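Analysis of the macromolecular model
So you can see what is in the structure, the chains are spelled out below.
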Amino acid sequence: MGPPVAARYLRFLADAGLVRRAGRGVYRLCDDRIVSFGGTLEWYVAQVLAREFECASAHGLRIAHAAHGGDYDVIACTEGEVVYIETKSAPPRQIVQEEVGAFLDRVDTLRPDLALFLADTTLRMRDKLVPLFGAEVARRRLAWEATRLERELWRVGPEVYLLNADPDLRRNLGACLAAHFRSRGIALG
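Residues numbered from 1 in each chain as written. Predicted model: local features only at pLDDT ≥ 70, side-chain atom pairs only at ≥ 80, totals over all residues. Heavy atoms only, no water.

Structural notes on the pattern of salt bridges
All told, the structure shown has 16 salt bridges when counted by the stated rule. A salt bridge links R184 to E81, with the shortest nitrogen-to-oxygen separation between them at 3.6 Å. In this pair, R184 sits in the segment after α5 (169-183) while E81 sits in strand β5 (residues 81-88), placing the two residues 103 residues apart along the sequence. By relative accessible area, R184 is classed as partly exposed at 40%. (Salt bridge = Lys/Arg side-chain N within 4 Å of Asp/Glu carboxyl O. Helix = DSSP H or I, 4+ residues; strand = E, 2+ residues; numbered from the N terminus. Buried < 20%, exposed > 50% of the residue type's maximum accessible area, 1.4 Å probe, protein only.)

Written out as structure tokens, the structure is:
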């Protein structure tokens, strides 16, 4: 999306009363109660999985009494396999090692067939998030090594992937699903 498209979107949002101009090139939400787009991102990812990949999916799940907290952003099922996706709408610089640790704790509790850590950014993963995973893996004494699949898609553990939204969230989700099924010996057409 280039500047003309962004400007058109911002004009639409301003005309709808959702944002207000706060300075040159700066806009703020009109409703100060909105502090995160996390829930919307979870919904969107669940919709992409359902519409584009025909996965049964749910978002914003809270599992009472689950070890390590029962907050699961997106859970899907495809070909009889469970997929867990942790979504992050914050920029990588605001994601800390404790969040990576909590994700791995939830993976350990749920034991999905495939786990994805999705950062909704077009920024590089290798600068901040790959090292965070490396540090957490070392802290847990796991024999995992991050390997790049392509671009900014990383396998950071057995069937555990780190991905961003560049160039396209749908494409990157599909690439991770395809890598998972290929690793299971399932050929994709």
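Some details on the sheet that holds strand β4 (residues 71-78)
Taken in spatial order, the 7 strands of this open sheet run β3-β4-β5-β6-β9-β8-β7, and their pairing is mixed. Looking along the sheet, the strands with just one partner apiece sit at the ends: β3 (56-62) and β7 (147-150). Each adjacent strand pair in this sheet contributes to an overall mean axis angle of 25 degrees, direction not counted. Pairing between β7 and strand β8 (residues 153-157): 3 bridges, direction antiparallel. Bridge pairing in β8 links R148 to W154. (Pairing = 2+ DSSP bridges. Axes fitted to C-alpha atoms, helices over the stretch in contact; angles between N-to-C directions.)

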